[in-house]
Amino acid sequence: MALLPILAYPDPKLSTVASPVDKVDDSLAPLLADMFETMYAAKGVGLAATQIDVHRRIVVIDVSEERNQPMVLINPEIQWLSEEFVKGDEGCLSVPGIYDGVERAARVRATALDEHGNSRTIEAEGLLAVCIQHEVDHLNGKLFVHHLSQLKRERIKSKLLKEQREAARANKEKQAGKV
Ligand code: ZN
């Protein structure tokens, strides 16, 4: 197993629309294991393959407190969204350190394949409902910042770009032996 680098906003690769998985078989197991390891290490509740630069419709989720209820959603499709909305602070492993209020459907029904290729229907509410909507957005090249105002999004972009430049410079100086 390996920790995978997570793409950070505004990396344009995060806007890629992921392709459906044609066949679910054991060849996906190493990728799924790496995705779970990466998600748990980063203390996330969900990770879409898009975020690790794999543009296939694969999501891993664990919204449990104990971090012992892993869920695999392959080719997830949202079938129904409630008319009732909830607004909560949302964050994303690809938008580090930023949290902001996003309105989402309170309940959702989705279909997906599990890691064995079995079709399942998921009825979700609360954090799981939000998480499924957030992760399906990723597969469609969309981030939670796209639900915010353009002004907020521009501010977040500038802040993260500045942090990324500083991190790159620090890394370069370290490699050059200056630090
Ligand atoms: Zn995310």
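Everything below is about the structure printed above this text.
First, a word on what this report is: a plain description of the structure on this page. Counting starts from 1 at the beginning of each chain's written sequence and moves along it residue by residue. Residue-level local features of this predicted model are given only where pLDDT is at least 70; pairs of side-chain atoms are given and counted only at 80 or more, and the full residue set underlies all totals for whole chains, interfaces and linings. Derived side-chain values reflect all non-hydrogen atoms in the structure, with water molecules and hydrogen atoms excluded from consideration.

1. Observations regarding the overall build of the chain
Counting secondary structure elements, the chain contains 3 helices and 7 strands. Put simply, DSSP H or I for four residues or longer makes a helix, DSSP E for two residues or longer makes a strand, and each gets a number counted from the N terminus. Starting at the N terminus and walking to the C terminus, you meet the elements of the chain as α-β-β-β-β-β-β-β-α-α. In summary, the chain has a C-alpha radius of gyration of 17 Å against a globular reference of 16 Å for 179 residues, a match within 12%. Based on the C-alpha atoms only, the size of the chain along its principal axes is roughly 55 × 40 × 30 Å. Burial here depends on accessible area, computed with a 1.4 Å probe over protein chains only, as a share of the maximum for the residue type. Under 20% is buried, over 50% is exposed, and the range in between is partly exposed. Residues counted as buried form 41% of the 179 residues belonging to the chain. Our radius of gyration looks at C-alpha atoms and nothing else; its globule reference is 2.2 Å times the residue count to the power 0.38.

2. Thoughts on the layout of surface pockets
Its boundaries defined by the atoms lining it, the largest pocket holds a volume of some 410 Å³. Buried and open spaces are told apart on a 1 Å grid over the protein atoms alone, a cavity being a set of points where a 1.4 Å probe fits but cannot get out and a pocket being an open set with protein on both sides within 12 Å along at least five of seven lines. Residues with an atom within 4 Å of a point are the lining residues. If you trace the largest pocket, you find 25 residues lining it, with Val45, Glu90, Gly91, Cys92 and His134 closest to the centre. Broken down by secondary-structure element, the contributors of at least two residues to the lining of the largest pocket are strand S4 (85–90) and helix H2 (126–139). The element contributing the most residues to the lining of the largest pocket is H2, with 6 residues. Residue polarity is assigned by list, with Asp, Glu, Lys and Arg as charged and Ala, Val, Leu, Ile, Met, Phe, Trp, Tyr, Cys and Pro as nonpolar; anything else, Gly included, falls into the polar class. For the lining of the largest pocket, the class distribution of residues is 13 nonpolar, 8 polar and 4 charged. Grid points are joined across faces, edges and corners, and a volume is the space filled by probe spheres set on the points. What the second largest pocket holds in volume is close to 210 Å³. In terms of lining, the second largest pocket is formed by 14 residues, of which the most central are Ile78, Gln133, Val136, Asp137 and Asn140. Elements that contribute at least two residues to the lining of the second largest pocket include exactly strand S3 (71–81), strand S5 (100–105) and H2. Considering each element in turn, the lining of the second largest pocket owes the most residues, 5 residues, to S3. Here the residues of the lining of the second largest pocket are counted per class, giving 5 nonpolar, 4 polar and 5 charged.

3. Focus: the sheet that holds strand S6 (residues 107–113)
Note: strands within a sheet are paired through backbone hydrogen bonds, in either parallel or antiparallel orientation. Taken in spatial order, the 5 strands of this open sheet run S1-S2-S3-S6-S7, and their pairing is antiparallel. Looking at the sheet topology across the chains shown, the edges are occupied by strand S1 (46–48) and strand S7 (119–125). Neighbour to neighbour, the strand axes of the sheet diverge by 40 degrees on average, direction disregarded. The rule for pairing is simple: two strands pair if DSSP sees at least two bridges between them. Sheet topology note: the S6/S7 ladder contains 7 bridges and is antiparallel. In the strand pairing of S7, Arg109 is matched with Glu123. Contacting S1, strand S2 (58–61) and S3, helix H1 (residues 29–41) crosses the sheet at an angle of about 45 degrees to S2. Residue contacts are counted whenever heavy atoms from the two residues lie within 4.5 Å of one another. Between N-to-C directions, angles cover 0 to 180 degrees, with each direction set by a line fitted to C-alpha atoms, over the stretch in contact for helices. Running at roughly 120 degrees to S7, H2 makes contact with S1, S2, S3, S6 and S7 of the sheet.

4. Details of the packing of aromatic side chains
Two rings from Phe, Tyr or Trp (for Trp, the six-membered ring) form a pair when their centres are within 6.5 Å of each other. A pair whose planes differ by under 30 degrees is stacked, one over 60 is edge-to-face, and the rest are tilted. Per the stated rule, a full pass over the model turns up 1 aromatic pair. Ring centres of Phe36 and Tyr40 lie 6.0 Å apart, and the angle between their planes is 20 degrees; on these two criteria the pair is classed as stacked. Of the two residues, Phe36 and Tyr40 are both situated in helix H1; the distance of 4 residues between them amounts to about one turn of the helix. Owing to a relative accessible area of 13%, Phe36 belongs among the buried residues under this scheme. Taking relative accessible area as the criterion, Tyr40 reaches 27% and is therefore assigned partly exposed.

5. Examining the coordination of the zinc ion
In this analysis a donor is any N, O or S atom within 2.8 Å of a metal ion (3.2 Å for sodium, potassium and calcium), and since water is not included, sites may seem incomplete. Taken together, the protein donors to the zinc ion comprise Cys92 (SG), His134 (NE2) and His138 (NE2), at separations of 2.1 to 2.3 Å. Here the donor residues of the zinc ion share one chain and are spaced in sequence as C-x41-H-x3-H. Of this pair, His134 and His138 both sit in helix H2, 4 residues apart, which is roughly one turn of that helix. Residue class for His134 comes out buried when judged on its relative accessible area of 7%.

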